[in-house]
Amino acid sequence: MMAAGGELPGINQGVMSGPLASSHANSFRIPIQPGELFAVDLGGVVNRYHANVCRSYTYGEPSEKTMRMCEHSKGGVQLLCQIAKDGHAVAEAARTLRNYYREVGIWDYRQWVGGYELGIAFPPDWVGEWLFNVDGESDQGVFEAGMVTNFESVFVDFNPLSPGIGVNIDTIVYGQEGAQALSRVDMMPIVVG
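Residues numbered from 1 in each chain as written. Predicted model: local features only at pLDDT ≥ 70, side-chain atom pairs only at ≥ 80, totals over all residues. Heavy atoms only, no water.

### Section: the overall build of the protein chain
In plain terms, the rule: For the purposes of this entry, the term helix denotes a DSSP run of H or I that reaches at least four residues, the term strand denotes a run of E that reaches at least two, and both are numbered from the N terminus. The globule rule used for comparison is 2.2 Å times the number of residues to the exponent 0.38, while the radius of gyration itself is calculated over C-alpha atoms. Each residue's exposure class comes from its accessible area (1.4 Å probe, protein chains only) as a fraction of the maximum for that residue type: buried when under 20%, exposed when over 50%, partly exposed otherwise.
Helix and strand counts for the protein chain come out as two helices and nine strands. The order of α-helices and β-strands along the protein chain, N terminus first, is β-β-β-α-α-β-β-β-β-β-β. Taken over C-alpha atoms, the radius of gyration comes to 16 Å for the protein chain, in line with the 16 Å a tight globule of 193 residues would show. Reported as C-alpha extents along the three principal axes, the dimensions of the protein chain are approximately 45 × 40 × 25 Å. Sorting the 193 residues of the protein chain into buried and exposed places 46% on the buried side.

As structure tokens, this is what we get:
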């Protein structure tokens, strides 16, 4: 990204691995092991404007649980893009998304599901003034045409006998008729090793 003209992001970039993971913690040198699940969270920056993308990775073939969690996490991003448009109440979208995640059976594995304004940002953060949380019941306003947020559809099962991961974070641009995720990176697990 730097070679293509990108700048340093407003928040530390990283790899989430292990049960105490944070995508914005400092990097460390512990090797990722075969069978490990992890996520890579990156921000592209031009003129201090940010675009955020995070995807699930597996070291080796993903389990059926990971495939299912990724499919349903992806479905949440796609659902948001269908329903969120200019003037649509955020609280209504949050209810629709909560119901979807409950129906597909991954709601109890949520880490955080929601989004926040992206735009001009300087270290140490890129979170704008406006955010919405799918857990929230309060009035969170309406989506507006031209608004740019990230959306985090983050689900992880830390059960050591049957772990699973479904992490999809993308930059969303809202319009009159709906919204669009900017990344073209597939939302299913990326296999390495």
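More follows now that the structure is in view.
### With respect to the nonpolar core
Which entries qualify depends on this criterion: Here, nonpolar core means buried Ala, Val, Leu, Ile, Met, Phe, Trp, Tyr and Cys residues that are tied together by side-chain atoms lying within 4.5 Å of each other. We call two residues contacting when some pair of their heavy atoms lies within 4.5 Å.
Counting residues in hydrophobic clusters, the biggest one holds 25 residues, and the most contacted among them are L80, Y101, F143, F151, I172 and Y174. Those elements that place two or more of their residues in this core are helix 1 (64-83), helix 2 (90-104), strand 6 (148-157) and strand 7 (164-174). The greatest single-element share of this core, amounting to six residues, is contributed by helix 1. Not counting the four nearest positions on each side in its chain, L80 is found in contact with L97, F132, F143, F151, I172 and Y174. In terms of nonpolar packing, the next biggest core, distinct from the first, is built from nine residues, M16, L37, V156 and V167 among them.

### Some points on the packing of helix 1 against helix 2
The following threshold applies: Here an axis means a line fitted to C-alpha atoms, over the contact stretch when the element is a helix, while the angle between two N-to-C directions is reported on a 0 to 180 degree scale. To sort the angles, those under 35 degrees are grouped as roughly parallel, those over 145 as roughly antiparallel, those from 65 to 115 as roughly perpendicular, and the leftovers as oblique. With the far helix as reference, a near helix turned anticlockwise by less than a right angle produces a left-handed crossing, and one turned clockwise produces a right-handed crossing. Three classes are used: nonpolar for Ala, Val, Leu, Ile, Met, Phe, Trp, Tyr, Cys and Pro, charged for Asp, Glu, Lys and Arg, and polar for all others, with Gly counted as polar.
Contact pair helix 1 / helix 2: the axes reach a minimum separation of 10 Å and the direction vectors enclose 155 degrees. Relative to helix 2, the element helix 1 lies roughly antiparallel. Here helix 1 runs over helix 2; the crossing is right-handed. In this structure, helix 1 contributes R68, E71, H72, S73, G75, G76, V77, L79, L80 and I83 to the contact, and helix 2 contributes A93, T96, L97, Y100, Y101 and V104. For the contact of helix 1 with helix 2, the class distribution of residues is nine nonpolar, five polar and two charged.

### Here's the deal with a nonpolar patch on the surface
Note the cut-off: Like-charged residues within 9 Å of one another, or nonpolar side chains (Val, Leu, Ile, Met, Phe, Trp, Tyr) within 5 Å, are grouped into patches, provided each residue has over 30% relative accessible area and no salt bridge. To be clear on the numbers: accessible area is Shrake-Rupley with a 1.4 Å probe, and residue cover counts the displayed protein chains and nothing else. When a carboxyl oxygen of Asp or Glu lies within 4 Å of a side-chain nitrogen of Lys or Arg, that pair is called a salt bridge.
Judged by side-chain polarity, Y49, I120 and F122 come together as a nonpolar surface patch covering roughly 360 Å² of accessible area. Tracing the sequence through the fold places I120 in the loop between strand 4 (110-117) and strand 5 (131-133).

### Comments concerning the environment of S63
The criterion, for reference: Pairing of N or O atoms within 3.5 Å defines a polar contact, subject to two protein rules: one partner must be a possible hydrogen donor and the other a possible acceptor, and residues neighboring in sequence count only if both atoms are side-chain atoms.
Within the secondary structure layout, S63 lies in the loop between strand 3 (49-59) and helix 1. A relative accessible area of 32% places S63 in the partly exposed class. For the pair S63 and P163, spaced 100 residues apart in the sequence, the C-alpha separation amounts to 8.5 Å. Polar contacts involving the side chain of S63 include one to the main-chain amide nitrogen of T66, which spans 3.1 Å.

### With respect to the environment of L79
Following the sequence through the fold, L79 ends up in helix 1. Residue L79 is classed as buried on the basis of its relative accessible area, which comes to 17%. In this structure, the C-alpha to C-alpha distance between L79 and E92, residues 13 residues apart in sequence, is 12 Å.

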